[in-house]
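# Tertiary structure, described
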Amino acid sequence: MSENDVVAAAKERLEASGLPSDWLDTPVHWGVKAKEQATPENGGLRFEYLNVDVYGEVPEYWENNTEIPRGAIPDTRTEQMGYSIFNKSEVWSDLCAGLYEDAIADRWNSSADIPWESLEPIGSDLERAVCQIATLMSEYGWTKAQTTGRWLQEISYGYIEVKLFLGTVVFDAARLYEVWRKRALANGGGLGRGGRNWKFLPLTQSYTFSEFCVASIMHDAMLIALLRHGEQLAQTDAERTIYELCQQDIERHLAYFVDHMRYLMLKEPIRREEIHRYLNKAEWYLAKDGDDTLYSALAVVMGDGREGAEEAMADVAELRREQVETYLGYLRQCHLGDRDDRLNEELRKWAGMVELEEEEKIPV
Amino acid sequence: MVTADKLDELQLEPEVPELDLSWLNLDTEWGVNAEPGRKGLTLQQINKTLYGDIPATSEDSSARPRGAAPPEGATPRMTPWVLGEATETFSESAGLLYDEAVSRQWSSATDIPWDTLDELPEDIERAMAQLCTSLTEVEFIAGDVPGKWLPRIAADHFESGLFLMSQVMDEARHTDVFRKRALANGGGLLLQGGGGGLRQILEAEDFTQMSSMLHILGEGFVQSLFRLGELIAHNEAEKRIFRLAAQDESRHVAFGVTHLKYTLDNQPDKAEEVHWTLDMFENTIVDPDQANPGLAGALVYLLGDGDVDEGWRLFWHVRRKQVLEYLHRLDVAGLGGRLESGRLHPALVGALDEN
């Protein structure tokens, strides 16, 4: 019996039984064999390998407001689902599918993958400082998960790769929250003082996804610059591992946010000034937050106790300068290099940048 | 124009932050030594300390971790509204379920033996592709819902938040693995479903109502189906997909059941509201107008391996199991008696008939 005959016979049996059978011979793009690329050398069946033919065509504008999978045949009875993002330029990065699979491949478990047994008493001041840092790290993890999660219901299936990747960001942020909480409660200490949270408002208040992305670039860049000092800041192997694993996760997040913003700037250069306004706001809140407990705690760690903290503040200032430079570096990758000249005055002081005279400003 | 050399010249010493050591003298709980247990340093281990005390009511809408000292100075409201009552979102198993989720993550790229997918007859491949089209669609919404609720979870009840974060990840993987299966073996994506009640879950503005629909009824039915995946699968890859997805769904169902139990134990007058929600949702999922035509047909076809009569017989076997397990879960949650009181939708009552 030919394949056509098999399908025709199947249709007949279903119809005789009162079951719908349209799905059996509906005209669809057929014959995709993604499994052929699923070799161990290729990392198994990665999501990128599905993007062939019509299934890989990511539209500039996605017209369907239901949960229809990209490439499937619509059912016009389905209710609208309330998505609000239909422009590719608002969310897209070519890196998403790969980063999603990388996140899964790099997954770790804070219960079992941290050598907790390496923790040892480190003195009261140091323990308090580590716990203060841990408290603020947890707080950011919580905020990051909450604020990323809320965008999921806005993004349609047309950009499925983005949503899958954001799912990993939410999960990574959960781990950022709990691994630092665990550190605070595992070595004779406790939690410290919460932050003021003003600096997080640009994340919670964002009206557009790209606004959320640039605020995330700022916060993640500040964090990654700190995490890169893990070797210097860690007191034990447990902390060293925490710094390394968190850094690995945040690097992935930044890779997406930066590549997306680069895409947006190329596709919609007219939005440059609008994006600068979001950055103005994010930087202003960060500078105005005025919560120095993080930097003071870092000084106690770098100074090996409260006695050395005053002297260590110069190193802390250097770290904070690196944070701002790291942030500006990521913005340059997004084709937002003109931010150097528009940086918030307070952050400019953090970075040791002089206020440029008007005529010296780099033309935009 | 400013050159790089010029910029170097313009570099000043960075401003030094103010040193404030007041946080060295906080009166938060101190001297905590959570120790790793058999499964490492889990949330259960750290919750054995005073930091495990869960407030029945949280007044805090900030991101401050439970047990941390409040900051000095003014703080903003982070979200328009946060569900501060534990009865609204909490589950005593949430921490445990989160720990389990973290330790049982799997990869659809490498943990599924894709090389076991052999050529299938055209009708069977189409049926599997249709089933997977419907499932990737359902799982897509199942990931949107917890994302929507995350900003409303109080940081003092972080265990529920962490669980929902792990659910977002699980649903991403389910959305992905069923799309992969549809496109892996010479097939494609077929017909979209007709909604099937997904919108009602998204629409809910009460967490317990949402959870009753999503976790207990919706994912409960899906889990019962996945646990019978052996009946649907034609190769080891498909069996593994259903087995691993069922394992994830079990956690989601367990969260729903334990959350409802917590809520009803502490707020028994919520029961009627949940009954009402289930009246509505049962009605939706059995409504022929809402039904997903492709899903039902493909499922029957796969269950019977092309023999439609046998497929129907097994379909009713699956449906009966779904309803029995649903009623059992409600019993465990403290919401028993839907069948006896005549509230269970007649179409679901009918499914209990062994004939």
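Use the structure listed above.
Just so we're clear, the structure is a prediction, and the values are computed from it rather than from any experiment. (Residues numbered from 1 in each chain as written. Chains lettered and ligands numbered in written order. Predicted model: local features only at pLDDT ≥ 70, side-chain atom pairs only at ≥ 80, totals over all residues. Heavy atoms only, no water.)

### Overview of the interface of chain B and chain A
Stated formally: Throughout, a residue-residue contact means that at least one pair of heavy atoms, one from each residue, lies within 4.5 Å. In this description, buried area is defined as the sum, over both parts, of the accessible area (probe of 1.4 Å) that is lost when the two are combined. Salt bridge, as used here, is a side-chain nitrogen of Lys or Arg placed within 4 Å of a carboxyl oxygen of Asp or Glu.
Tallying the contact residues gives 132 residues for chain B and 133 residues for chain A. When the two sides are added together, the surface that chain B and chain A hide from each other amounts to roughly 11200 Å², 64% of it contributed by carbon and sulfur. A per-residue breakdown of the area chain B buries against chain A is headed by B:Trp23, B:Trp30 and B:Gln192, which together make up 8% of the total. Linking chain B to chain A there are six salt bridges.

### A look at the nonpolar core
Within soluble globular proteins, side chains that are nonpolar generally end up buried alongside one another. All names here are of chain A. Our working rule: In plain words, nonpolar cores are sets of buried Ala, Val, Leu, Ile, Met, Phe, Trp, Tyr and Cys residues tied together by side-chain atoms within 4.5 Å. Think of it in three bands: residues with accessible area under 20% of the maximum for their type are buried, residues over 50% are exposed, and the middle band is partly exposed, with areas taken using a 1.4 Å probe on protein chains only. Only DSSP runs of H or I covering at least 4 residues are called helices, and only runs of E covering at least 2 are called strands; the numbering of each starts at the N terminus. Just so you know, the domain bounds were taken from an automatic or database domain assignment.
Within the largest apolar cluster, 235 residues are counted, with the highest numbers of intra-cluster contacts made by Phe 209 and Tyr 256. Element by element, the count of residues in this core is highest for helix H6 (residues 160-184), at 15 residues. There are two domains that each give this core at least three residues, and those are domain 1 (1-30) and domain 2 (88-360). When neighbours within four sequence positions are excluded, Phe 209 is seen to be in contact with Ile 85, Glu 90, Val 91, Trp 151, Ile 155, Leu 166, Tyr 256 and His 260.

### A few points about the packing of helix H8 (residues 207-227) of chain B against helix H10 (residues 236-266) of chain B
All names here are of chain B. Our working rule: To obtain each axis, a line is fitted to C-alpha atoms, and for helices this fit is confined to the stretch in contact; angles are then taken between N-to-C directions over 0 to 180 degrees. Helix crossings are classified by the rotation of the near helix relative to the far one: an anticlockwise turn of less than a right angle makes the crossing left-handed, while a clockwise turn makes it right-handed. In this classification, Asp, Glu, Lys and Arg are treated as charged, Ala, Val, Leu, Ile, Met, Phe, Trp, Tyr, Cys and Pro as nonpolar, and every other residue, Gly included, as polar.
Between H8 and H10, the shortest axis-to-axis distance is 8 Å and the interhelical angle comes to 150°. The two elements H8 and H10 cross, and the hand of that crossing is left-handed. Here the residues of the contact of H8 with H10 are counted per class, giving 11 nonpolar, 11 polar and three charged.

### Focus: the side chain of B:His174
Along the chain, B:His174 turns up in helix H6 (residues 158-184). Ignoring anything within four residues of it in the chain, the contact list for B:His174 reads B:Trp106, B:Glu139, B:Ala245, B:Asp248 and B:Glu249.

### Things to note about the packing of aromatic side chains
Quick reminder of the rule: Only Phe, Tyr and Trp rings take part, Trp by its six-membered ring, and two of them pair if their centres are within 6.5 Å. Stacked means planes under 30 degrees apart, edge-to-face means over 60, and tilted covers everything else. We call a charge positioned over a ring when the NZ of a Lys or the CZ of an Arg lies within 6 Å of the ring centre and within 35 degrees of the ring normal.
Summed over all chains, the structure comprises 29 aromatic pairs over all chains. On the numbers, 4.6 Å between centres and 35° between planes, the contact of A:Tyr157 with B:Phe140 is tilted. You can see A:Tyr157 sitting in the loop between helix H5 (124-149) and H6 and its partner B:Phe140 sitting in helix H5 (residues 122-149), one on each of two chains. Given a relative accessible area of 0%, A:Tyr157 falls into the buried group. B:Phe140 gets classed as buried once you look at its relative accessible area, which sits at 4%. An aromatic cluster is present here, built from A:Trp151, A:Phe165, A:Phe209, A:Phe212, A:Tyr256 and A:Phe257 joined pairwise through their rings. The residue whose ring lies beneath A:Arg128 is B:Trp30, and the NZ or CZ to ring-centre distance is 3.8 Å.

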